[in-house]
Amino acid sequence: DTLSYLWKEDSPVQMASNLSIPNMILEDFSTETCNVKTTTGEYSCLSLGLTLRRASSPYVLTEYVPYSMIVIISWAPFWLKQKDTLARIGITLVTLFMASAKAADINESLPNVAYTKAIDVWTGWCVMFIFTAFVVCVVINWLGENEKESTLVKADAVARWKNASLTLKIDYVARLAFPLMFILFNIVYWSIY
């Protein structure tokens with residue numbers, strides 16, 4: 001006689017309500033009946049496949065929100081006076097070091113895998129945003145035009161734009177472009193991951 005295993009038709013798998021894996025959510029499962037051939041014969045077996053999804057809420061509060069705050073801080077130099085070169089470059093450098101250290105900390109806490117994780121994409125793009133802000137600050141410093149921004153304090157935006165130096169125009173564009181690009185990145189990122 002041969003012993004054959006079969007799954008029940010109705011609810012083949014029952015799980016305790018308190019059964020859980022930390023930071024994981026069971027989305028689905030599949031059952032199969034199989035036969036295994038070994039050197040001693042062929043045996044019936046049952047197979048259970050589990051589909052798990054990582055719970056993102058702990059990561060949003062501990063990784064994504066602080067990283068977003070670091071990126072936003074890196075835009076502060078675009079609002080500082082251009083003559084404050086040390087503060088402008090210092091802020092972007094400190095945020096770049098903070099972001100790099102946080103990325104290393106995140107990678108240390110997660111298992112090594114052979115593929116790119118969603119958090120790797122996030123940290124990579126955030127570091128790129130901060131590095132680009134640093135490069136913009138260096139370029140503004142290199143161009144070296146230290147004209148006063150407040151020559152037309154009460155003038156409208158168009159008049160300020162027309163009378164602004166190249167470095168001020170770069171600051172004006174950066175004040176708008178960096179947040180818009182970061183918002184666009186977030187829309188794309190959260191729709192994919």
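Definitions and limits used
- Residues numbered from 1 in each chain as written.
- Predicted model: local features only at pLDDT ≥ 70, side-chain atom pairs only at ≥ 80, totals over all residues.
- Heavy atoms only, no water.
- Helix = DSSP H or I, 4+ residues; strand = E, 2+ residues; numbered from the N terminus.
- Rg over C-alpha atoms; globule rule 2.2 N^0.38 Å.
- Buried < 20%, exposed > 50% of the residue type's maximum accessible area, 1.4 Å probe, protein only.
- Contact = heavy atoms within 4.5 Å.
- Pairing = 2+ DSSP bridges.
- Core = buried A, V, L, I, M, F, W, Y, C linked by side-chain atoms within 4.5 Å.
- Polar contact = N/O pair within 3.5 Å; in protein donor to acceptor, adjacent residues only side chain to side chain.

Draft legend 1. Inspection of the overall build of the chain at higher detail. Helix and strand counts for the chain come out as 5 helices and 2 strands. Going residue by residue from the N terminus, the α and β elements of the chain occur as β-β-α-α-α-α-α. Taken over C-alpha atoms, the radius of gyration comes to 28 Å for the chain, far larger than the 16 Å a tight globule of 193 residues would show. With respect to the principal axes defined by its C-alpha atoms, the chain has extents near 95 × 30 × 25 Å. Residues counted as buried form 26% of the 193 residues belonging to the chain. Residue pairs at least 24 apart in sequence account for 64% of intrachain contacts in the chain once pairs closer than 6 positions are excluded.

Draft legend 2. The pairing of strand 1 (residues 24–38), seen in detail. Sheet analysis places strand 1 next to strand 2 (residues 41–54), joined by 14 bridges and oriented antiparallel. From the neighbouring strand, C34 faces strand 2, where its bridge partner is C45. Taken together, strand 1 and the strand that follows it, strand 2, pair antiparallel across an intervening segment of 2 residues.

Draft legend 3. Spotlight on the environment of F29. Mapped onto the fold, F29 is located in strand 1. On the accessibility criterion, F29 (30% relative accessible area) is partly exposed. Note: C-alpha distance between F29 and S100 (71 residues apart in sequence) is 38 Å. With residues up to four places along the chain from it excluded, the contact list for F29 reads V13, M15, L48, G49 and L50.

Draft legend 4. Broad picture of the side chain of T123. If you trace the backbone, T123 turns up in helix 3 (residues 118–143). The exposure class assigned to T123 is buried, which follows from its relative accessible area of 8%. Those residues in contact with T123, other than ones at most four positions away along the chain, are Y67, A103 and I106.

Draft legend 5. Region of the structure containing the nonpolar core. Among the nonpolar cores identified, the biggest contains 28 residues, and Y67, V71, F78, W122, F178 and F182 are the most heavily contacted of them. At 10 residues, the largest contribution of residues to this core is made by helix 3. Other than its neighbours up to four places away in sequence, Y67 contacts A99, S100, K102, A103, I106, W122, T123, C126 and V127.

Draft legend 6. Spatial organisation of the side chain of T92. Looking at the element boundaries, T92 is found in helix 2 (residues 85–109). Owing to a relative accessible area of 0%, T92 belongs among the buried residues under this scheme. Looking at T92, its side chain comes within polar contact range of the main-chain oxygen of I89, at 2.9 Å. If near-sequence neighbours (up to four positions away) are discounted, T92 is found in contact with S74, P77, I130, A133, F134 and C137.

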